Every structure is written in C-alpha cells, then in structure tokens.
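Structural description and commentary
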Amino acid sequence: AINILHSEEKIDSDEIRYLQGEAEVTNYQGRGGKAEALKGITETTGPLSLLLRGHGGPRHFWIDEGKLGSEVSDNLKHPLAISYKELGDALLKRGGLENVIILVDSCFSYDFIINLSNYTYREGEIGFPTVVTAANRGRTAGMNDFLSGLVSVRKAGRGDSLSVGN
C-alpha cells in the first residue's frame, strides 16, 4: 500500500493498516515525497492500494498548500501537487490498473478522478482502478470523516477486506 499525504496531514497507521489489509504500508508526505511516491507507484507489481489524503482540486492532489481558494492550477507539473497527468503517467507505466484501488480523501476528489480517467483512456488504457472518493462532483469534503467511515463500513461488513458489497 502507498499513502500520499499532504504536508499537514496526520494518519492513524493502525486504522490504515486495518483498512488496507496489507503488512507493508509506505507513507510519502509533502513536497519532499512527490518524486518518491510516483516512483513507488511505477515500481509496484500485483495488487496496490493507493491513498491520497489532503487538499485537492479538479486537476491536482496537493501535497503542500492547495487550500480552498488556491486549489486550481493549470500547471500540470506543479511542485506542490501531483496532477492527474503525473499520477496517470505513473499508473500507466506500472500497468495492471484493474489491480489498483485508489482512495481519495480530498476536496474535488471526484473531479480529479474524472480527469485521471479521461487522461488514461486518451493514452490508450481501457482498464481502470477501483476508486472511492470523499467528495462528489464539484464538492468539497469534510476531512477526518472519510477514513473512519470506511473503517466502520469494513468492520460492519463480512470478510477480511473492504468490498463494494460492504
């Protein structure tokens, strides 16, 4: 599992490990983790659980800054964010997108994923990850509710992993 976190985010490692159900979880945080996180995605094989937690905009997941009012940028190589294109390129290089689960805990997460989906499709990829977003189209998201809500759903469900059936 790979977790990419905004520089200001804290994360409960036990909660994440329970939710993702994997022994090895790698966290990348803030602007210093951008290149390493994208490289980590490209180098994974097999099933991958990817969590993006922090501030979001329609074209970017912000790893630093990016608060409401400054979340929109046309720069798809912004040093303080991972754009849908950068994430898409990492996922395309990795391949096997049908074996990827992406959880996006940020504002405008639906819009970000639509841009990601459109980009990977234009690049010739017909498979796509399973995605769960904290916000609907054009919406902001309440921080700290998303992950705890997913953990609650998993605990109430059947089996050892979170599934669409839960």
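Rules used in this analysis
- Residues numbered from 1 in each chain as written.
- Predicted model: local features only at pLDDT ≥ 70, side-chain atom pairs only at ≥ 80, totals over all residues.
- Heavy atoms only, no water.
- Buried < 20%, exposed > 50% of the residue type's maximum accessible area, 1.4 Å probe, protein only.
- Helix = DSSP H or I, 4+ residues; strand = E, 2+ residues; numbered from the N terminus.
- Pairing = 2+ DSSP bridges.
- Right-handed = clockwise from strand over helix to strand, strands pointing away.
- pLDDT = per-residue confidence, 0-100.
- Axes fitted to C-alpha atoms, helices over the stretch in contact; angles between N-to-C directions.
- Contact = heavy atoms within 4.5 Å.
- Parallel < 35°, antiparallel > 145°, perpendicular 65-115°, else oblique.
- Nonpolar A, V, L, I, M, F, W, Y, C, P; charged D, E, K, R; others polar.
- Phe/Tyr/Trp six-rings, centres within 6.5 Å; stacked < 30°, edge-to-face > 60°.

1. A short note on the pairing of strand E1 (residues 2-5)
In summary, the side chains of a regular strand alternate between the two faces of the sheet. Burial of E1 is two-sided: the residues Ile2 and Ile4 facing one way and the residues Asn3 and Leu5 facing the other way are all buried. In terms of strand pairing, E1 meets strand E2 (residues 26-29) through four bridges, oriented parallel. Bridging across to E2, Ile4 finds its partner in Tyr28. Bridge count for E1 against strand E3 (residues 48-53) is four bridges, and the pairing is parallel. Across the sheet, residue Leu5 finds its bridge partner in E3, namely Arg53.

2. Overview of the environment of Gly127
When you line up the elements, Gly127 lands in the loop between helix H4 (109-122) and strand E8 (130-133). Taking the C-alpha atoms as reference points, Gly127 and Asn99, separated by 28 residues in sequence, lie 9.4 Å from one another.

3. Let's talk about the pairing of strand E7 (residues 100-105)
In terms of residue burial, E7 counts as a mostly covered element, since five of its six residues are buried. With six bridges connecting them, E3 and E7 associate as parallel partners. Its bridge partner being in E7, Ser49 is matched across the sheet by Ile101. With H4 bridging E7 and its parallel neighbour E8, the resulting β-α-β unit is right-handed.

4. Things to note about the confidence of the model for the protein chain
On average, residues of the protein chain carry a pLDDT of 84, and 80% of them reach 70 or more. Per-element mean pLDDT across the protein chain ranges from 67 in helix H1 (residues 13-20) up to 97 in helix H3 (residues 84-94).

5. A look at the sheet that holds E1
Ordered in space as E2-E1-E3-E7-E8, the five strands form an open sheet in which the pairing is parallel. The open sheet has two free edges, formed respectively by E2 and E8, since each of these has just one partner strand. Adjacent strand axes in the sheet meet at a mean angle of 15 degrees, parallel and antiparallel pairs treated alike. Along the sheet face, helix H2 (residues 34-43) touches E1, E2 and E3 and points at about 155 degrees away from the line of E1.

6. Considerations on the packing of H2 against H3
The interhelical angle for the contact between H2 and H3, taken along N-to-C directions, is 30 degrees, at an axis separation of 7 Å. In this view, H2 runs roughly parallel relative to H3, as classed from their interaxial angle. Contacts from Lys34, Leu38, Ile41 and Thr42 of H2 reach H3 at Glu86, Leu87, Ala90, Leu91, Lys93 and Arg94. A class-by-class count of the residues in the contact of H2 with H3 yields five nonpolar, one polar and four charged.

7. Section: the packing of aromatic side chains
All chains considered together, the criterion is met by one aromatic pair. Their ring planes at 70 degrees and their centres at 6.1 Å tell us that Tyr84 and Tyr119 sit as a pair that is edge-to-face. On the criterion of sequence distance, the pair formed by Tyr84 in helix H3 and Tyr119 in helix H4 is long-range, its members being 35 residues apart. Using a relative accessible area of 12% as the deciding quantity, one classes Tyr84 as buried.

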